[in-house]
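# Remarks on the overall topology
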Amino acid sequence: MKDDERRLIKDAILDEDGFVKATFSGQRRGYELPWRRVAVRPVLIKHVRHLQVSYLDDKQDITKNYHGSQVDEKTDELLALPFSQINVLTTEREIQVQISRKGVARVHQRRVVGDIPEPSLSHDREKPRLISADAPDPFLMALEIQTPDGRIRANKRRKYLQINEFLRLVADTAALEEIAPPVHIVDCGCGSADLTFAVYHYLNHIVERPSTVVGIDVKADLMTKKNALAQELGWHKLRFQVSRIIDFEPEVIPDMVMALHACDTATDEALAQAVRWGARLIFSAPCCHHHLQAQMADQPMPQVFQPVLRHGILKERLGDVLTDSFRAQILRIVGYSTDVMEFIAPEHTDKNLMIRAVKQAPPGDPQMIAEYRSLVDFWGVTPYLATLLKKQLTAVGVEG
Ligand SMILES: C[S@@+](CC[C@H](N)C(=O)[O-])C[C@H]1O[C@@H](n2cnc3c(N)ncnc32)[C@H](O)[C@@H]1O
């Protein structure tokens, strides 16, 4: 087997989130194997992820659990044995390797289709889901995430994980506890509204924290459908309204604004509105970033970055990183304590960045302003959020 083939198998086994199981079997002609078959799977022992290796021959079955650096060593040991067949299953792919007598490997890979397998004790399984799918749940069925017999639909598994990861983040945000109920929430660019329904359900029904939620989107047909579903469920404090984010005028000042995967500058609109309304909490998962990219394409960029800017893909990623860095920094300047984090594993969605902001301090932190000015001057760009919040930034001495 070649190094890259060995690496492929090893990486799949060491993939903590995706690895489901592996089997090593068959004996290459002319070689002796100590075991007829070896099965490998992840297990959780006292909250620590281990690799469980079961060595089988005709007389015995020995199971051992390894963790830390042992996992790497034992995987290498297995790969060095003269097995003729290795199968590895991850949440994404199935890898089948057949090795000839001379050690030449034929590798077949295919993407997993249909129900995505779940690691028996994966990271996700370790964390209890906030909206459990252990039994049929009317909420999950209403959103067509779960079938009437209690299965999560294969094409909705990612959405289900995303809902739970988002709710976990909300649940872990201590400032939410400090808001006197009812908590008023606006979801900007709510789209098909799975997360809008989920946050309403979680707060009102699971943690029993009375909350109102308004979802807004420019798609009128979707808003009509979602209002009908809210009515059908009898969720009277959940409603949907057709509006551009920037035009929306809430009846009650929202405590929390969420904008999950709102396209391009819609994210800036949501952040700007949240700041103008004085929302205590902001959760924003940006989507595509075109506005800054366009400015970067139109004007000369710092020469020192040529090796990065030469490559379209790197330039694009740099534009994304800068856009979100500017957004986070502007939020800090206007008084929000801001984190930027990954809210769901990248294999579930590549749009997995979350900006979480909690209003905490008076606006105008001099250090944040100085850092912001340096970055803006260096790149010679104007972030769209700065244009939208010109008044607020000017008030603390940041000229647009
Ligand atoms: C990718 S979807 C995300 C939907 C949902 N938030 C989610 O995470 O599943 C983005 C939604 O934002 C809406 N949208 C985009 N720009 C908007 C704007 N300026 N005002 C209101 N809605 C907007 C689109 O119509 C679309 O439904």
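Note that this is a predicted model, so its numbers are computed, not measured. (Residues numbered from 1 in each chain as written. Predicted model: local features only at pLDDT ≥ 70, side-chain atom pairs only at ≥ 80, totals over all residues.)

Once that is clear, we can look at the site of the ligand. Around the ligand, the structure places 19 residues, and the nearest of them are G189, G191, I245, L260 and A266. Only α6 (194–206), β9 (211–217) and α8 (264–277) provide two or more residues apiece to the shell around the ligand. The residue inventory of the shell around the ligand, partitioned by class, reads ten nonpolar, four polar and five charged. (Near = placed C-beta within 6 Å. Helix = DSSP H or I, 4+ residues; strand = E, 2+ residues; numbered from the N terminus. Nonpolar A, V, L, I, M, F, W, Y, C, P; charged D, E, K, R; others polar.)

Across the interface, helix α1 (residues 3–14) lies against helix α2 (residues 69–80) with an axial gap of 11 Å and an inter-helix angle of 140°. When the axes of α1 and α2 are compared, the pair comes out oblique. Pair α1 / α2 crosses with right-handed handedness. Taking contact as the criterion, the partners of R6, I9, K10, I13 and L14 in α1 are, on α2, V71, T75 and L79. Residue composition of the contact of α1 with α2, grouped by class: five nonpolar, one polar and two charged. (Axes fitted to C-alpha atoms, helices over the stretch in contact; angles between N-to-C directions. Parallel < 35°, antiparallel > 145°, perpendicular 65-115°, else oblique. Left-handed = near helix turned anticlockwise from the far one by under 90°. Contact = placed C-beta atoms within 7 Å.)

In terms of burial, β9 is largely enclosed, as seven of its seven residues are buried. As defined by bridge partners, strand β8 (residues 183–188) adjoins β9 across six bridges and the pair is classed as parallel. In the sheet register, V183 faces β9, and the bridge partner there is S211. One crossover worth recording links β8 to the parallel β9 by way of α6, and it is right-handed. Bridging between β9 and strand β10 (residues 238–242) involves five bridges; their strand directions are parallel. In the sheet register, V214 faces β10, and the bridge partner there is R239. (Buried ≥ 20, exposed ≤ 12 C-beta atoms within 10 Å, placed from the backbone. Pairing = 2+ DSSP bridges. Right-handed = clockwise from strand over helix to strand, strands pointing away.)

So, on to the pairing of strand β6 (residues 93–99). Here strand β5 (residues 83–90) runs beside β6; their pairing, made up of five bridges, is antiparallel. Paired with V88 across the two strands is I95, which belongs to β6. Here β5 folds back onto β6, and the loop between the two strands holds two residues. The pairing of β6 with strand β7 (residues 105–111) spans seven bridges and is antiparallel.

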